[in-house]
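Understanding the architecture of this molecule
Each chain, written out:
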Protein chains: 2
Amino acid sequence: MALHLNDDAGPLLAVSQGDPAGIGPEITLKAWLRRDEIGAPFLVLSDPAHMKAQAARLGLRVPVQSCDASEARAVFSTALPVAPLSHEATAEPGRPDPATAPSTIESIETAVALVRGGQASAVVTNPIAKQVLYQSGFPHPGHTEFLAALSAGPGGPAPHPVMMLWCEELAVVPVTVHVPLRSVPDALTTELIVATGRIVHREMKARFGVAAPRLALTGLNPHAGESGAMGTEDLAVVAPAIGDLRREGIDAKGPFPADTLFHPAARQGYDVALAMYHDQALIPIKTIAFDRAVNVTLGLPFIRTSPDHGTAFDIAGRGVARPDSLIAALRLAARLSRAAKRAA
Amino acid sequence: MALHLNDDAGPLLAVSQGDPAGIGPEITLKAWLRRDEIGAPFLVLSDPAHMKAQAARLGLRVPVQSCDASEARAVFSTALPVAPLSHEATAEPGRPDPATAPSTIESIETAVALVRGGQASAVVTNPIAKQVLYQSGFPHPGHTEFLAALSAGPGGPAPHPVMMLWCEELAVVPVTVHVPLRSVPDALTTELIVATGRIVHREMKARFGVAAPRLALTGLNPHAGESGAMGTEDLAVVAPAIGDLRREGIDAKGPFPADTLFHPAARQGYDVALAMYHDQALIPIKTIAFDRAVNVTLGLPFIRTSPDHGTAFDIAGRGVARPDSLIAALRLAARLSRAAKRAA
């Protein structure tokens, strides 16, 4: 899907509310207070009454103004623009309530509709609690799969979403994600690595503006298997995928021992690292950029970023939640929106 | 084994040569040039002729003096003390030669003998190439296992060596080490975690001088298994080990999601982290301290450190090898030697 924003309108970020009992409302209010850092206005899809109540409860001086997408840019400098939903989102912070699931889901659907309709330039999602949504019959395994389903054309297949973790110093993609460690070796196939590498290559060019993206792939095993002495998959599964990608003209290298791929000098050698499983990807980026790492979903027909943390029900409503990761997600969405506009 | 250095003698570090065709000789010569940073004199167990030849070849102004352990402290300020072996160690840099295996092995044996005999305070080992030693009949799986075998009393069982990676900011221990990723879940047992935790606790107190060591354990699975939703081992294997350790009075906590355990704020919560497998432990420390990470072997009856890199045959003899990790290993050995002396 090509973006077709009005030519005269700048980027506008569509922000979903996430679980209204989590820290989403609080960090969204705090992000508006630091709006000068973001580089684009944003519109929250939520219940204005809930946002106002949270601002009052937390003592945050954030005027909340109900408006629609066409008005949001004008509102943004003086108030937080909130587009009302048809469902209420009243929730007590820290007390997740399945009754709020319809508003949480509608918020995501509306954000996607705005971007697909050209009224917004990117989707930024606040954290949801899957268990809360499951209780109200939500049929998708998670947030990203739901976005993929919303992206499918009528009757068409859902796209293959790819999770990237991004900070200024490092972009890293786990090829397998939320599977038990025991299941990783069998879940990791040459086909999956190649499919992931193609999407990463395409979007590093198209969205991140890297003309010739350099991909570095980790090995699955310690020391990348030491030529087969410590596990066979690096020779049998990972190396053939790298060969396939290279034959397609993609600058993919590896498999490299994962432990020595993430220090500052090593990072100079690639634009994005593909790691074979969750912790191999997330340990390095969260070690160097815990509060600044952003989750970017590649493979969707629109830009989607999100903060790299959960609903944090345990601290919701106490005023201590840090908006840094959401601000980083908003900043990156603004940057990618501007790049998309230039490329259009 | 208690250390029984002469009371009037300060620490002396016994440095094995490692593979004479690797970067060991070069980084040892360079470490002597930066001897003011180390905090203790060291004695190299090697062939003085080979060390002299390498200094000349590399243009390093390092006088090499043949001497024994009793003379090394006096020699150290003006020349690199080298205690000759009975085997020659002549080798062309970058060309590993099984004919040098006897000298490589003798160097390690001699370093251990000096420490066990009270003539030196710690063993610092340069990198070896296991394949080169195997070709000459070396029966041990690796360097550390050889040191454990040398530590066994006559007829007694070898101790259980535990690898720790250490830098100023982080100490981390992989519970399983050089096994394929596929084998990790079955290799990881409650008994192994408990045995490792006991050794780590004991040596953090005895060698590192931490009065009440705080141990943080990672989970095996992503998000530490999310209460069993993403892998069963964290509940079935890791958590019971933590319970066992706590019942023994050891301050062990976890299992924690590994990705959020290694950023600077999280590191304030523990003195040493136990990770469940190789990359989970080595990714964070090599990401933050690639050139400064030191390998420390716990569980031996003496102090042993080593640089955290290999023989690097590909760059040997070119003068570009960095001695930073060896210097860090020497510094830590000196520090642990002084602590042991104070405790004696």
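Computed from a prediction, not measured in an experiment: that's the story for all the values here.

Before going further, it helps to examine the overall build of chain A. Of the regular secondary structure elements, chain A holds 12 helices and 12 strands. Taken over C-alpha atoms, the radius of gyration comes to 20 Å for chain A, in line with the 20 Å a tight globule of 344 residues would show. With the C-alpha coordinates of chain A rotated into their principal frame, the extents come out at 60 × 45 × 45 Å. Looking at chain A as a whole, 58% of its 344 residues are labelled buried.

Residue and element names in this part refer to chain B. Across the sheet, 12 strands lie side by side as E3-E4-E2-E1-E5-E12-E11-E6-E7-E10-E8-E9; this open sheet has mixed pairing. The open sheet has two edge strands, strand E3 (64-66) and strand E9 (251-256), and neither has a second partner. The mean inter-strand angle of the sheet, taken between neighbouring strand axes irrespective of direction, is 30°. Of the pairings in the sheet, the one linking strand E8 (residues 214-218) to E9 comprises 4 bridges and is parallel in character. Paired with Thr218 across the bridge in E9 is Phe256. Those strands touched by helix H1 (residues 24-33) are strand E2 (42-45), E3 and strand E4 (80-83), and its axis lies near 160° from that of E2. Together, strand E6 (162-167), strand E7 (170-174), E8, strand E10 (272-275) and strand E11 (294-298) form the strand contacts of helix H8 (residues 190-206), whose direction differs from that of E10 by roughly 160°.

Grouped together as the largest cluster of nonpolar side chains are 133 residues, with contacts concentrated most on A:Leu13, A:Phe42, A:Met164, B:Leu13, B:Phe42 and B:Met164. The residues touching B:Met164, leaving out its near neighbours within four places in the chain, are B:Ala171, B:Val172, B:Val173, B:Met204, B:Phe208, B:Val272, B:Val294, B:Asn295, B:Val296 and B:Leu298. Counting residues in hydrophobic clusters, the runner-up holds 36 residues, among them B:Leu165, B:Val172, B:Ala216 and B:Tyr270.

In an α-helix there are 3.6 residues to a turn, and that puts residues three or four apart on one side. All names here are of chain A. For helix H3 (residues 69-76), the complete set of buried residues consists of Ala69, Ala72, Val75 and Phe76. Summarising the axial view, the buried residues of H3 lie within an arc of 95°, below the 170-degree limit, and thus occupy one face. When the buried face of H3 is taken as reference, the exposed residues oriented beyond 90 degrees from it are Ser70 and Ala74. Packed against the buried residues of H3 are helix H1 (24-33), strand E2 (42-45), strand E3 (64-66), strand E4 (80-83) and helix H4 (101-116).

All names here are of chain B. Taken together, the buried positions of helix H2 (residues 48-58) are Pro48, His50, Met51, Gln54, Ala55 and Leu58. Within H2, the buried residues cover an arc of 165° as seen down the axis, which keeps them to one side. As for H2, its buried residues are in contact with H1, E3 and E4. A distance of 2.9 Å separates the backbone nitrogen of Ala49 from a side-chain oxygen at the start of H2, and that oxygen is part of Asp47. Taken from the residues just after H2, Gly59 is the one with a positive phi, measuring 70°.

The next point concerns unusual backbone geometry. The omega torsion across A:Gly254 and A:Pro255 is -5°, close enough to zero to call that bond cis. Considering the arrangement of structural elements, one finds A:Pro255 in strand E9 (residues 251-256). Residues other than glycine seldom take positive phi values, yet B:Ala224 does so here, at roughly 55°. Looking at the secondary structure, you find B:Ala224 in the loop between E8 and helix H9 (233-247). Judged by its relative accessible area of 11%, B:Ala224 falls in the buried class. Positive phi values are uncommon outside glycine, yet B:Ser227 reaches one of about 55°. Summarising the element assignment, B:Ser227 is placed in the loop between E8 and H9. According to the relative accessible area criterion, B:Ser227 is exposed, its value standing at 72%.

A few words on the packing of aromatic side chains. Tallying each qualifying case throughout the model produces 5 aromatic pairs over all chains. The ring of A:Trp32 is capped by A:Arg35, whose NZ or CZ atom sits 3.7 Å from the centre of that ring.

All names here are of chain A. Scored by pLDDT, chain A has a mean of 94; 97% of the residues are at 70 or more. In this model residues 1-7 is a low-confidence stretch, pLDDT under 50, and it forms 18 contacts with partners more than four residues away in sequence or in other chains. Overall fold confidence for the complex sits at a pTM of 0.92, while the interface term, ipTM, reaches 0.91.

Think of a sheet as strands paired side by side through backbone hydrogen bonds, with each pair either parallel or antiparallel. Residues and elements named next belong to chain A. Strand order in the open sheet formed by 12 strands is E3-E4-E2-E1-E5-E12-E11-E6-E7-E10-E8-E9, with mixed pairing between adjacent strands. In the strand order of this sheet, the two ends are held by E3 and E9, each with one partner. Going from strand to strand, the sheet's axes swing by 30° on average, the running direction of each strand aside. Examined bridge by bridge, E3 and E4 share 3 bridges and lie parallel to one another. Note on E4: the bridge partner recorded for Ser66 is Val82. Packed onto the sheet, helix H9 (residues 233-247) meets strand E8 (214-218) and E9 and runs at close to 165° relative to E9. Seen against the sheet, helix H11 (residues 278-288) touches strand E6 (162-167), strand E7 (170-174), E8 and strand E10 (272-275) and runs at an angle of roughly 160° to E7.

Residue and element names in this part refer to chain A. Close contact between H1 and helix H2 (residues 48-58) brings their axes to 10 Å; oriented N to C, the two are set at 75°. Put simply, H1 runs roughly perpendicular to H2. Packed against H1, whose contacting residues are Pro25, Glu26, Thr28 and Leu29, the element H2 presents His50, Met51, Gln54, Ala55 and Leu58 at the interface. Counted by class, the contact of H1 with H2 contains 5 nonpolar, 3 polar and 1 charged residues.

All names here are of chain B. In strand E12 (residues 304-307), alternate side chains face the same way, and those of Arg304 and Ser306 on one face and Thr305 and Pro307 on the other are all buried. Relative to E12, strand E5 (residues 122-124) is paired through 2 bridges, and the arrangement is parallel. When the bridges of E12 are listed, Val124 appears paired with Thr305. Pairing between E11 and E12: 4 bridges, direction antiparallel. Among the inter-strand pairings, Val296 is bridged to a residue of E12, identified as Thr305.

Rules used throughout
- Residues numbered from 1 in each chain as written.
- Chains lettered and ligands numbered in written order.
- Predicted model: local features only at pLDDT ≥ 70, side-chain atom pairs only at ≥ 80, totals over all residues.
- Heavy atoms only, no water.
- Helix = DSSP H or I, 4+ residues; strand = E, 2+ residues; numbered from the N terminus.
- Rg over C-alpha atoms; globule rule 2.2 N^0.38 Å.
- Buried < 20%, exposed > 50% of the residue type's maximum accessible area, 1.4 Å probe, protein only.
- Pairing = 2+ DSSP bridges.
- Axes fitted to C-alpha atoms, helices over the stretch in contact; angles between N-to-C directions.
- Contact = heavy atoms within 4.5 Å.
- Core = buried A, V, L, I, M, F, W, Y, C linked by side-chain atoms within 4.5 Å.
- Arc of directions from axis to C-beta.
- Polar contact = N/O pair within 3.5 Å; in protein donor to acceptor, adjacent residues only side chain to side chain.
- Phe/Tyr/Trp six-rings, centres within 6.5 Å; stacked < 30°, edge-to-face > 60°.
- Lys NZ or Arg CZ within 6 Å of the ring centre and 35° of its normal.
- pLDDT = per-residue confidence, 0-100.
- Parallel < 35°, antiparallel > 145°, perpendicular 65-115°, else oblique.
- Nonpolar A, V, L, I, M, F, W, Y, C, P; charged D, E, K, R; others polar.

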